Amino acid sequence: MEIKKMIRNLFFVISTLLVFYKFSEHVYRVRDIKFLSKQNAGDYFKAKDLEIDIKKLNKEAFLRENKYTRLPTASGGLNGIVTIYYISLCEVLVLYQSPRGCVGFTGRDFMNTSVTTLTGELRYAGEMAEGKMKVLSPGELHVFRSGTRHAIEMTPNTTLLLYSRGFVPYTVLAVVYDLVQTSFDPLLALQTFEAYAQHITFGNKTILDYLKKLNEKFWLVVAKTKHFITNLYTEYCPRSIQNGVEELYPLVVEVCSALLANVYASLLYVWKVVRQFGLDLYSRVYNMSS
């Protein structure tokens, strides 16, 4: 039984790494965020109205206001105030406000970030781009793709709605490091890390909830695979062989099921990588042509 338990745990750890992106459940839909951000953008923007609209999308996920939901930030030279609506292992929804304007750079992280200007003006350009910077006026949106880095300029009183999907812990650690290395603000770095740890541990959607759902989904695949192997075994395996391996049969089925489940998870992961590469390539070709 101990060997069986060790095998189950080992395959679960491997599968957790393989299917992180594929089995990540996103709370919000991109089109809903786009609609709300454009609806609230403009001279009459009010943060409270936006909060009410976002709560309507998913009241359970929306973080209750506390000392960890509104923080100053200075990562990449982009000084401002961040109001966190939702954050998890794979998803972030925040309101970014820059009262005085700023100039800086985005980080090269593993997230696709949809940015909508609500008030003010955002200018951006790729790190290798030449010529004028592109401009985002209120109501306009741009998606900063994973693995890219951009120069950013914001006019005073600029407000942005940021919605990101990807590997959030890496970005949080990068932000914390940057706050210490370039902004020389270890206190703000500690505050940022503490806020993230609080949200994923005691927030509305915690890391334990995520791992529990991931575990359920993975072993559901294993159960279906086990049923398939059992049918093949009973129908096509000779009776003499069945009698000889009767004691080892449960362990063999467990191992084979977990192996096939990992193959399935690996194929899903490869498909996601290929699909993302195609989307990034299309985005770059489209931007070059325009």
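See above for the structure.
In this text, all values refer to a predicted model and were calculated from it rather than measured experimentally. (Residues numbered from 1 in each chain as written. Predicted model: local features only at pLDDT ≥ 70, side-chain atom pairs only at ≥ 80, totals over all residues. Heavy atoms only, no water.)

Asks: Can you walk me through the overall build of the protein chain in this structure?
Replies: Helix and strand content of the protein chain: eight helices and 10 strands. Residues classed as buried in the protein chain amount to 42% of the 290 residues present. Element-wise, carbon and sulfur atoms account for 62% of the exposed surface of the protein chain, whose accessible area totals about 17,400 Å². (Helix = DSSP H or I, 4+ residues; strand = E, 2+ residues; numbered from the N terminus. Buried < 20%, exposed > 50% of the residue type's maximum accessible area, 1.4 Å probe, protein only. Areas by Shrake-Rupley, 256 points an atom, 1.4 Å probe, with all protein chains shown as cover.)

Asks: Hey, could you run me through the sheet that holds strand 8 (residues 141–144) in this one?
Replies: Hydrogen bonds between backbone atoms are what pair the strands of a sheet, whose relative direction is either parallel or antiparallel. Here six strands make up an open sheet; going across it, the order is 1-2-3-10-5-8 and the pairing antiparallel. Each edge of the sheet is formed by a strand with only one pairing partner; in this case those strands are strand 1 (70–73) and strand 8. Strand-to-strand, the axes of this sheet are offset by a mean angle of 25°, without reference to chain direction. As paired strands, strand 1 and strand 2 (residues 80–87) are joined by four bridges and run antiparallel to one another. Considered in strand 2, the bridge of proline 72 is made with isoleucine 81. Along the sheet face, helix 2 (residues 30–40) touches strand 3 (91–98), strand 5 (111–119), strand 8 and strand 10 (158–166) and points at about 180° away from the line of strand 10. The sheet strands contacting helix 5 (residues 186–202) are strand 1 and strand 2, and the helix crosses strand 1 at an angle near 145°. (Pairing = 2+ DSSP bridges. Axes fitted to C-alpha atoms, helices over the stretch in contact; angles between N-to-C directions. Contact = heavy atoms within 4.5 Å.)

Asks: Help me out: how do you make sense of a nonpolar patch on the surface in this one?
Replies: Among the surface-exposed residues, Phe110, Phe167 and Tyr170 lie close enough to one another that they form a single nonpolar patch of about 270 Å² accessible area. Mapped onto the fold, tyrosine 170 is located in helix 4 (residues 168–181). Judged by its relative accessible area of 34%, tyrosine 170 falls in the partly exposed class. (Patch = residues over 30% accessible without salt bridge, like charges linked within 9 Å, V, L, I, M, F, W, Y side chains within 5 Å. Salt bridge = Lys/Arg side-chain N within 4 Å of Asp/Glu carboxyl O.)

Asks: Can you walk me through the pattern of salt bridges in this structure?
Replies: Side chains that carry opposite charge are capable of pairing whenever their charged atoms lie near each other. Tallied over the entire structure, the rule returns four salt bridges. Two residues, arginine 29 and aspartate 32, come together in a salt bridge whose shortest N-O distance is 3.0 Å. Note on arginine 29: relative accessible area 45%, which makes it partly exposed. For glutamate 121, the salt bridge identified is with arginine 123, shortest N-O distance 2.9 Å. Judged by relative accessible area, which is 23%, glutamate 121 ranks as partly exposed. A network of salt bridges, in which partner residues are shared, links Glu121, Arg123 and Glu153.

Asks: I'm lost on helix 2 in this one. Help?
Replies: For an α-helix, the turn length of 3.6 residues means that residues three or four places apart are oriented alike. Among all positions of helix 2, only Asp32, Ile33, Leu36, Ser37 and Asn40 are buried. The buried residues of helix 2 occupy an angular sector of 125° when the element is viewed end-on, so they sit on one face. Opposite the buried face of helix 2, by more than 90 degrees, sit the exposed residues Arg31 and Phe35. Buried positions along helix 2 lie against helix 3 (47–57), strand 3, strand 5 and strand 10. (Arc of directions from axis to C-beta.)

Any link to function would need more than the numbers given here.
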